[in-house]
Amino acid sequence: MLPSGASMPSFEGATRWLHGEPTPASLKGAPAVVQFWAVSCSLCKDNLPTLRAWKEKYGPRGVRFVSVHMPRQESDTRVDQVEAVVEESGMDEPVAIDNAHAIGDRFQTGGLWPAYFLFDGEGKLRARTAGAAGLSHLERTLAQLTAGEGG
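A few points on the structure. (Residues numbered from 1 in each chain as written. Predicted model: local features only at pLDDT ≥ 70, side-chain atom pairs only at ≥ 80, totals over all residues. Heavy atoms only, no water.)

A word on the sheet that holds strand 6 (residues 125-130)
Okay, step 1: Reading across from one edge, 1-4-3-2-5-6 is the order of the 6 strands in this open sheet, with mixed pairing throughout. Two strands in the sheet have a free side with no partner beyond their single neighbour: strand 1 (16-18) and strand 6. The mean angle between the axes of side-by-side strands here comes to 15 degrees, regardless of whether they run parallel or antiparallel.
Okay, step 2: The pairing of strand 2 (residues 32-37) with strand 3 (residues 64-69) spans 6 bridges and is parallel. Paired with Phe36 across the two strands is Val68, which belongs to strand 3.
Okay, step 3: Where helix 1 (residues 42-58) meets the sheet, its contacts fall on strand 2, strand 3 and strand 5 (115-119), and the angle it forms with strand 2 comes to roughly 165 degrees.
Okay, step 4: Against the sheet, helix 4 (residues 134-146) engages strand 2, strand 5 and strand 6, with an angle of about 165 degrees to strand 6. (Pairing = 2+ DSSP bridges. Helix = DSSP H or I, 4+ residues; strand = E, 2+ residues; numbered from the N terminus. Axes fitted to C-alpha atoms, helices over the stretch in contact; angles between N-to-C directions. Contact = heavy atoms within 4.5 Å.)

And the structure:
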């Protein structure tokens, strides 16, 4: 996976964007959480309420969120299915559909779902995790990054 301190990779190469494509400038100056998920990944879906709660808690502090749908299997490449899950889950952040794994490869996800990355306001990787147990680790670092901003 992407090493700590690495700069945030580019989001170029998405098959499609839902809710607009973030610019590098729009992601600078505040922490950013990037999640990689797939419609066929039950753990990914199970974690969506936690991420929604983070948006409510940390969004007002300026934290940005970007989701990247990276298919695990051929049936995951159906854009209409991704759109349905995004709608049902209330995902309102920019969502990349990365059917070619161009973004996932750049972030060095290692083909793990879900995968989460936390970048600081300078765009440097501060924490990363994958699978079931990582969200609490990521939130500790997120809380530290936002503590000076009314935390």
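A few points about the pattern of salt bridges
Okay, step 1: For the structure shown, the criterion picks out 6 salt bridges.
Okay, step 2: The closest approach of N and O atoms between Arg16 and Glu83, which form a salt bridge, is 2.8 Å. One end of the pair, Arg16, is in strand 1; the other, Glu83, is in helix 2 (residues 79-89), with 67 residues separating them in the sequence.
Okay, step 3: With a relative accessible area of 39%, Arg16 lands in the partly exposed category.
Okay, step 4: For Glu83, a relative accessible area of 29% gives the class partly exposed. (Salt bridge = Lys/Arg side-chain N within 4 Å of Asp/Glu carboxyl O. Buried < 20%, exposed > 50% of the residue type's maximum accessible area, 1.4 Å probe, protein only.)

Some thoughts on the nonpolar core
Okay, step 1: Judged by nonpolar contacts, the single largest core of 46 residues is most densely connected at Phe11, Val34, Phe36, Trp37, Trp54, Phe107 and Phe117.
Okay, step 2: Residues in contact with Phe117, not counting those within four places in the same chain, are Met1, Leu2, Ala32, Val33, Val34, Phe36, Phe107, Thr109, Leu125, Ala127 and Arg128. (Core = buried A, V, L, I, M, F, W, Y, C linked by side-chain atoms within 4.5 Å.)

A few points about the pairing of strand 6
Okay, step 1: Relative to strand 6, strand 5 is paired through 5 bridges, and the arrangement is antiparallel. By the bridge assignment, Phe117 is partnered in strand 6 with Arg128.
Okay, step 2: The hairpin turn running from strand 5 into strand 6, its antiparallel successor, is 5 residues long, and Gly123 in that turn takes a positive phi close to 80 degrees.

Considering the state of the cysteines
Okay, step 1: Taken as a whole, this structure holds 1 disulfide when the rule is applied.
Okay, step 2: Across a sulfur-sulfur distance of 2.3 Å, Cys41 and Cys44 are joined as a disulfide pair. Between Cys41 and Cys44 the sulfur-sulfur dihedral comes to about 85 degrees; the bridge is accordingly right-handed. Each member of the pair Cys41 and Cys44 is classed as buried. (Disulfide = S-S within 2.5 Å.)

As for the packing of helix 1 against helix 4
Okay, step 1: With their axes 12 Å apart at the nearest point, helix 1 and helix 4 run at an angle of 5 degrees to one another. With respect to their mutual orientation, helix 1 and helix 4 come out roughly parallel. Between helix 1 and helix 4, the contacting residues are Asn47, Thr50, Trp54, Lys57 and Tyr58 on the first element and Leu135, Leu138, Glu139, Leu142, Ala143 and Thr146 on the second.
Okay, step 2: Grouping the constituent residues of the contact of helix 1 with helix 4 by class yields 6 nonpolar, 3 polar and 2 charged. (Parallel < 35°, antiparallel > 145°, perpendicular 65-115°, else oblique. Nonpolar A, V, L, I, M, F, W, Y, C, P; charged D, E, K, R; others polar.)

Details of helix 2
A turn of α-helix holds 3.6 residues, and therefore any two residues three or four places apart point the same way.
Okay, step 1: Within the sequence span of helix 2, burial applies to Val82, Val85, Val86 and Ser89. The buried residues of helix 2 occupy one face: seen down the axis, they fall within an arc of 100 degrees. For helix 2, the exposed residues lying more than 90 degrees away from the buried face are Glu87 and Glu88.
Okay, step 2: Check the buried side of helix 2 and you find it contacts strand 1, strand 2, helix 1, strand 3 and strand 4 (95-97).
Okay, step 3: Positive phi shows up at Gly90, right after helix 2, with a value of about 70 degrees. (Arc of directions from axis to C-beta.)

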